[in-house]
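Results of the structural survey
These are the residues of each chain, in order.
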Number of protein chains: 2
Amino acid sequence: MSVLIVGSTALDSIKTPKAENPRLLGGSASHAAVAASFFSPVQLIGVVGEDFPKKYLALYKKHKIDLTGLQILPGKTFHWSGEYELNMNNRRTLATELGVFETFNPTLPKAQQNAKFVLLANIAPALQHHVLDQTIKPAFVVADTMDLWLNIALNDLIKLLKRIDGFVLNDSEAHQLTQEDNVFTAIKKIHKMGPKYVIIKKGSHGSILSSPKGFFICPAYPLHKVVDPTGAGDSFVGGMMGYLATAKGSIDTNIRRAMIYGSVTASFCCEGFGLNQTTKTSRNDINRRVKELEQLTKF
Amino acid sequence: MSVLIVGSTALDSIKTPKAENPRLLGGSASHAAVAASFFSPVQLIGVVGEDFPKKYLALYKKHKIDLTGLQILPGKTFHWSGEYELNMNNRRTLATELGVFETFNPTLPKAQQNAKFVLLANIAPALQHHVLDQTIKPAFVVADTMDLWLNIALNDLIKLLKRIDGFVLNDSEAHQLTQEDNVFTAIKKIHKMGPKYVIIKKGSHGSILSSPKGFFICPAYPLHKVVDPTGAGDSFVGGMMGYLATAKGSIDTNIRRAMIYGSVTASFCCEGFGLNQTTKTSRNDINRRVKELEQLTKF
């Protein structure tokens, strides 16, 4: 089966202590879609401006991403620029230019309204609602978010939580949402808000799943060098959803392994600027690291 | 086989946002010794003053800890008092009264000089050296440390690293020691300083082993409530060494499982003030959580 992904499609200008890379292909939907494409067909819902480089459209196509739902509108593509500190964990936003994103009205092509696996990648909760409204009978809906929406669109987000199966957020966002310091207590509160599956991302410390079948402690692949972590969380959830969409059996049977595949896909994302390394990666490279993770966690 | 443990034997006064507990049994050697005692006989090397409560001596004995090497000297027992912040991760020292610890000269009883498994729990590196000098042919020596010794006794510590098999430290100490932000690059540098086994503790995020057989990503047991994390790191390394001392086969065969047992023992430590919860724990309780961790990490 395929995965329907909505989120931001952007140009990212990323500065680290070692390098500066202007106007890379970025955005939550771009990262999630490329990651998912290693495992299943992908349908992308997004918007770009007329300035969007043709080479990036070609890159989507190289990954066989269905662009029927990608709008190309007069105006400029959403542009984000940010700067990382030396430890590559803290970053600050230098500029955000919304461009065509400001009036984005995501529209599902008729053929995609029956999508079974839906990933509402990080984007304003109102737009996540709007996409969900257009689906007919999705089987498994997962949403990601960011601190910005907790700050400025909390009510929309809380309403969304009642409509989705899985919710993915990082540990500081879980704390912000629940006011709980203990991550497991926070998870319990988030379940009460709606989602049956809660996944807490902890960057290089891996992630935690809480599901009807209990907890899963998911490791991160050990990286000796992080070039640019932008999009790692999107790659994680994209890879996970791609894996789930084609795996046989129930969500509960597959979700742990799906997270491992997502985690490994995210590790490649961190090894290059933007999508540079991810797009050089093959399914074989991913499988190799998954095998390594099996060895690294055995006891 | 038994484990020889040297470290601090102290009275801890611990304040958290929810409670205040004066003069608990504490110190790195106390925590490590009780943890190790679930798995193997333990010989404790330490010093206390004449004010040391008899009930704490009884507690050591209940855990069958050999106290031949525990000196009871005129003067006061080492006393530490500290306060935790609401998130239970950050703490600050309110007072440190060294007492008899100031002139501590650890002396190994003759029968203990042949110890095969030696744990140099957190204490001044000079004292760790001094104990090591008195051993005859130890098979596996592990040292723990803290940021204080990196600040005031770095040379002693660096010399110690050339004499030990395993080194245990937390991620911020690894960063401080190597000036490396990436934990895996830091580990590589620490190996070059001597130890074949490097273990990085990451609190609730678990720990990482780097050994001749590669990395192991060791999970922490999921705790919904942390009452007092004091001594968790000591319990971890104590439990690990206790398990190793009685397991059949090579260190490489057993160390991953040993870390899991250490991790679980540390989880009980966090659930009570001082050693309150650890001493209520049974080997069966520990085995049960180890089984749970097997389930929690399977994919």
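You'll find the structure just up there.
One structure accompanies this document, and this report is about it. Predicted model, so just to flag it, every value in this text is computed and none were measured.

**A closer look at the overall build of chain A**
From N to C terminus, chain A includes 10 helices and 13 strands. Oriented by its inertia axes, the alpha-carbon framework of chain A measures out at about 50 × 45 × 40 Å. The buried share of chain A, taken over its 299 residues, is 60%. Look at the contacts in chain A between residues 6 or more apart in sequence, and 65% of them connect residues 24 or more apart. Taken as a whole, chain A presents about 12400 Å² of accessible surface, with 52% of it coming from carbon and sulfur. Across chain A, the 34 positively charged side chains and the 25 negatively charged ones have centroids separated by 8 Å.

**Concerning the packing of aromatic side chains**
Inspection of the entire model under this criterion finds 24 aromatic pairs over all chains. Each ring, one from A:Phe140 and one from A:Tyr197, has its centre 5.5 Å from the other, and the planes form 80 degrees; the classification is edge-to-face. With A:Phe140 in strand β9 (residues 140–144) and A:Tyr197 in strand β11 (residues 197–201), the pair connects residues that are 57 residues apart, well separated along the chain. Just as A:Phe140 is buried, A:Tyr197 falls in that class too. On the numbers, 6.1 Å between centres and 15 degrees between planes, the contact of B:Phe52 with B:Tyr60 is stacked. With relative accessibility at 6%, the residue B:Phe52 sits in the buried group. Note on B:Tyr60: relative accessible area 0%, which makes it buried. Each residue in the set A:Phe38, A:Phe39, A:Tyr243 and A:Tyr261 is aromatic and connected to the rest through ring pairs, giving one cluster.

**Digging into helix α1 (residues 28–36) of chain B**
Among the 9 residues of α1(B), 9 are classified as buried, and the element is accordingly described as predominantly covered. What α1(B) keeps buried is the set B:Ser28, B:Ala29, B:Ser30, B:His31, B:Ala32, B:Ala33, B:Val34, B:Ala35 and B:Ala36.

**Quick word on the sheet that holds strand β3 (residues 20–26) of chain B**
Residue and element names in this part refer to chain B. Ordered by their spatial adjacency, 4 strands build an open sheet running β3-β2-β7-β8, and the pairing between neighbours is mixed. Strands with a single pairing partner mark the edges of an open sheet, and in this sheet they are β3 and β8 (91–97). Taking each pair of neighbouring strands and ignoring which way they run, the sheet shows an average axis angle of 20 degrees. Across 5 bridges, strand β2 (residues 10–15) lies against β3 in antiparallel orientation. Counted as the bridge partner of Lys 15 is Glu 20 from β3. With respect to the sheet, helix α2 (residues 54–62) is in contact with β2 and β3, its orientation differing from that of β3 by roughly 50 degrees.

**Focus on the interface of chain A and chain B**
Put simply, an interface is often sized by how much accessible area is lost when its parts join up. Counting residues at the interface gives 30 residues for chain A, matched by 30 residues for chain B. Buried surface at the junction of chain A and chain B, both sides included, amounts to about 2600 Å², of which 62% is carbon and sulfur. A per-residue breakdown of the area chain A buries against chain B is headed by A:Ile217, A:His224 and A:Phe299, which together make up 30% of the total. Counting the contacts that link chain A with chain B gives 0 salt bridges. Between chain A and chain B we count 14 residue pairs in polar contact (both at pLDDT 80 or more) in total. In terms of residue count, helix α10 (residues 283–297) of chain A provides more of the side of chain A that touches chain B than any other element does, 5 residues in total.

**So, the relation of the copies chain A and chain B**
Of the transformation superimposing chain A on chain B, the axial component is 0.0 Å and the angular component is 180 degrees, with the fit at an RMSD of 0.0 Å. Such a combination of rotation and displacement between the chain copies is what one expects of a two-fold axis. By C-alpha distance to the rotation axis, the residue of chain A lying nearest is A:His205, at 3.1 Å. Residue by residue, 100% of the interface of chain A is reproduced at the interface of chain B, so both copies engage with the same surface.

**Structural notes on the pattern of salt bridges**
Scanning all chains against the criterion turns up 16 salt bridges over all chains. The salt bridge involving A:Arg289 is made with A:Glu271; its shortest N-O contact spans 2.9 Å. Of this pair, A:Arg289 sits in helix α10 while A:Glu271 sits in the loop between α9 (251–270) and α10; the two residues are 18 residues apart in sequence, bridging distant segments of the chain. We classify A:Arg289 as buried; its relative accessible area is 12%. Look at A:Glu271 and you get partly exposed, because its relative accessible area is 27%. Residue B:Arg163 is joined to B:Asp133 by a salt bridge in which the shortest nitrogen-to-oxygen separation is 2.9 Å. In this pair, B:Arg163 sits in the loop between α5 (154–161) and β11 (166–170) while B:Asp133 sits in helix α3 (residues 125–134), placing the two residues 30 residues apart along the sequence.

**Section: the packing of helix α8 (residues 232–246) of chain B against helix α9 (residues 251–270) of chain B**
Packed helices, taken two at a time, are described by their axes: the angle between them and the distance between them. All names here are of chain B. Remark: α8 packs on α9, axes separated minimally by 7 Å, with the N-to-C direction vectors making an angle of 140 degrees. As far as their axial angle goes, α9 and α8 are oblique. Seen from above, α8 lies across α9 with right-handed handedness. Class assignment of the residues belonging to the contact of α8 with α9 gives a composition of 13 nonpolar, 6 polar and 1 charged.

What counts, and at which threshold
- Residues numbered from 1 in each chain as written.
- Chains lettered and ligands numbered in written order.
- Predicted model: local features only at pLDDT ≥ 70, side-chain atom pairs only at ≥ 80, totals over all residues.
- Heavy atoms only, no water.
- Helix = DSSP H or I, 4+ residues; strand = E, 2+ residues; numbered from the N terminus.
- Buried < 20%, exposed > 50% of the residue type's maximum accessible area, 1.4 Å probe, protein only.
- Contact = heavy atoms within 4.5 Å.
- Areas by Shrake-Rupley, 256 points an atom, 1.4 Å probe, with all protein chains shown as cover.
- Lys, Arg positive; Asp, Glu negative; His and termini not counted.
- Charge placed at Lys NZ, Arg CZ, Asp CG, Glu CD.
- Phe/Tyr/Trp six-rings, centres within 6.5 Å; stacked < 30°, edge-to-face > 60°.
- Pairing = 2+ DSSP bridges.
- Axes fitted to C-alpha atoms, helices over the stretch in contact; angles between N-to-C directions.
- Buried area = accessible area lost by both parts, 1.4 Å probe.
- Salt bridge = Lys/Arg side-chain N within 4 Å of Asp/Glu carboxyl O.
- Polar contact = N/O pair within 3.5 Å; in protein donor to acceptor, adjacent residues only side chain to side chain.
- Least-squares fit on C-alpha atoms with pLDDT ≥ 70 in both.
- Parallel < 35°, antiparallel > 145°, perpendicular 65-115°, else oblique.
- Left-handed = near helix turned anticlockwise from the far one by under 90°.
- Nonpolar A, V, L, I, M, F, W, Y, C, P; charged D, E, K, R; others polar.

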